[in-house]
Amino acid sequence: EKGNCSACPGLGLFYTVLSAFLFSVASLFLKKIEDVHSVEVSAFRCVFQMAFVLPGLIYYKTGFLGPKGKRIFLFFRGFLGSSAMILLYYAFQVMPLADATVITFSSPVFTSLLAWIFLKEKYSIWDLLFTLFAITGVVLIARPPFLFGSNVTGIEGSYTDHLKGTIAAITSTVSGASTFVILRKVGKSVHYFLSIWYYAVIGLIGCVIALFVMNEWRLPYCGKDRVLLILIGLLGLGGQIFLTKALQIEKAGPVAIMKTMDVVFAFILQILFLNHLPTWWTVGGALCVVASSSGTAIRKWRQSLKKAKQNEI
């Protein structure tokens, strides 16, 4: 696989930017859908993923459950991955696009923290510094009243919604980080399609149960919402595929740095289409979080280069 990729060195990074763009447009559409609950949107996205992955599973003959010892990991990966998606969609619906996107970017920090706890990976003073940076960024975005006084500017709707959105986004980020740790634990032994399959099936079941409990299940009335739902499904899928492709042909470090384009796209789309200028708090928070996630990525990248050098000797 590696041989033919050296021909065009920037391909992985191009895929990453493309994926970031698709994800941002999907989240923009998500904000444009008025009457569909975020959980229902997640359910649609799961159906799309299932429909797409099914032929792959049959083609690669991986079976539907995966290897016996790994099923529990796959289950948790599916459960955490799908809750991350539902929470994130909720956050997108109740808070500004840029704010929600920036918070999800603190995930590398949580990943290194969780990897240190569960996988016994090294956690250095640098990691601590980046973690503090990321937390600062998130606080600037959440703008809690006990730090900022009671008149909070630049949020959509009420502050309680903003806070709920922030909590949802943070929980989503932590869940997302734990799925990364689980994927590292499972490693290459499980086909990539299988983990998406679990994520989609468990997500769908979870969404349906949640919708019944909340009694929110209804087909979107107007045609526009239906089109947007289908587009969100397709864009989300495209984003997933390109991101995976990128990670297959490019080192994780540079990909993680390029992925911060997500934040840039979110700002641009929010200003262009939602007529909602991001506040300076959000910009400051974004800079902190992007600095921390890029920093983490650059460090990881340099470590892997060092390791490669040592292996050559």
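Source: prediction; values computed, not measured.

What counts, and at which threshold
Residues numbered from 1 in each chain as written. Predicted model: local features only at pLDDT ≥ 70, side-chain atom pairs only at ≥ 80, totals over all residues. Heavy atoms only, no water. Core = buried A, V, L, I, M, F, W, Y, C linked by side-chain atoms within 4.5 Å. Buried < 20%, exposed > 50% of the residue type's maximum accessible area, 1.4 Å probe, protein only. Contact = heavy atoms within 4.5 Å. Phe/Tyr/Trp six-rings, centres within 6.5 Å; stacked < 30°, edge-to-face > 60°. Helix = DSSP H or I, 4+ residues; strand = E, 2+ residues; numbered from the N terminus. Patch = residues over 30% accessible without salt bridge, like charges linked within 9 Å, V, L, I, M, F, W, Y side chains within 5 Å. Areas by Shrake-Rupley, 256 points an atom, 1.4 Å probe, with all protein chains shown as cover. Salt bridge = Lys/Arg side-chain N within 4 Å of Asp/Glu carboxyl O. Axes fitted to C-alpha atoms, helices over the stretch in contact; angles between N-to-C directions. Parallel < 35°, antiparallel > 145°, perpendicular 65-115°, else oblique. Left-handed = near helix turned anticlockwise from the far one by under 90°. Nonpolar A, V, L, I, M, F, W, Y, C, P; charged D, E, K, R; others polar. Disulfide = S-S within 2.5 Å.

Draft legend 1. Expanded view of the nonpolar core. The biggest cluster of nonpolar side chains holds 45 residues, and the ones touching the most others in it are Val 41, Tyr 89, Phe 92, Leu 97, Val 102 and Ile 232. Phe 92 has contacts with Ser 27, Leu 30, Lys 31, Leu 97, Ala 100 and Thr 101, leaving out every residue within four places of it along the chain.

Draft legend 2. Fine view of the packing of aromatic side chains. Scanning all chains against the criterion turns up six aromatic pairs. Their ring planes at 10 degrees and their centres at 6.4 Å tell us that Phe 75 and Phe 79 sit as a pair that is stacked. In this pair, Phe 75 and Phe 79 are both assigned in helix 3 (residues 71–94), four residues apart and thus about one turn of the helix distant. Judged by its relative accessible area of 38%, Phe 75 is partly exposed. A network of ring pairs unites the aromatic residues Phe 14, Tyr 15 and Phe 242 as a single cluster.

Draft legend 3. The arrangement of a nonpolar patch on the surface in detail. A surface patch of nonpolar side chains, about 610 Å² in accessible area, is lined by Ile 125, Trp 126, Leu 128, Leu 129, Leu 132 and Phe 133. With respect to the secondary-structure elements, Leu 128 resides in helix 6 (residues 125–142).

Draft legend 4. How the structure looks around the packing of helix 2 (residues 38–60) against helix 3. At a closest axis distance of 8 Å, the pairing of helix 2 and helix 3 adopts a crossing angle of 135 degrees. Comparing their axes, helix 3 and helix 2 come out oblique. Considering the relative orientation of helix 2 and helix 3, their crossing is right-handed. When helix 2 is examined against helix 3, the residues Ser 38, Val 39, Val 41, Ser 42, Arg 45 and Cys 46 are found in contact with a partner set consisting of Met 85, Ile 86, Tyr 89, Tyr 90 and Gln 93. Across the contact of helix 2 with helix 3, the residue classes tally to seven nonpolar, three polar and one charged.

Draft legend 5. Structural detail: the environment of Ile 271. Assignment of secondary structure puts Ile 271 in helix 12 (residues 261–273). What makes Ile 271 partly exposed here is its relative accessible area of 39%. Measuring from C-alpha to C-alpha, the distance between Ile 271 and Leu 97 comes to 9.7 Å, with 174 residues separating the pair along the chain. Ile 271 has contacts with His 276, Leu 277 and Pro 278, leaving out every residue within four places of it along the chain.

Draft legend 6. Representation of the state of the cysteines in the model. Throughout the structure, instances matching the rule amount to zero disulfides. A disulfide-free cysteine, Cys 207 has its sulfur positioned 4.9 Å from the sulfur of Cys 46, the nearest such atom.

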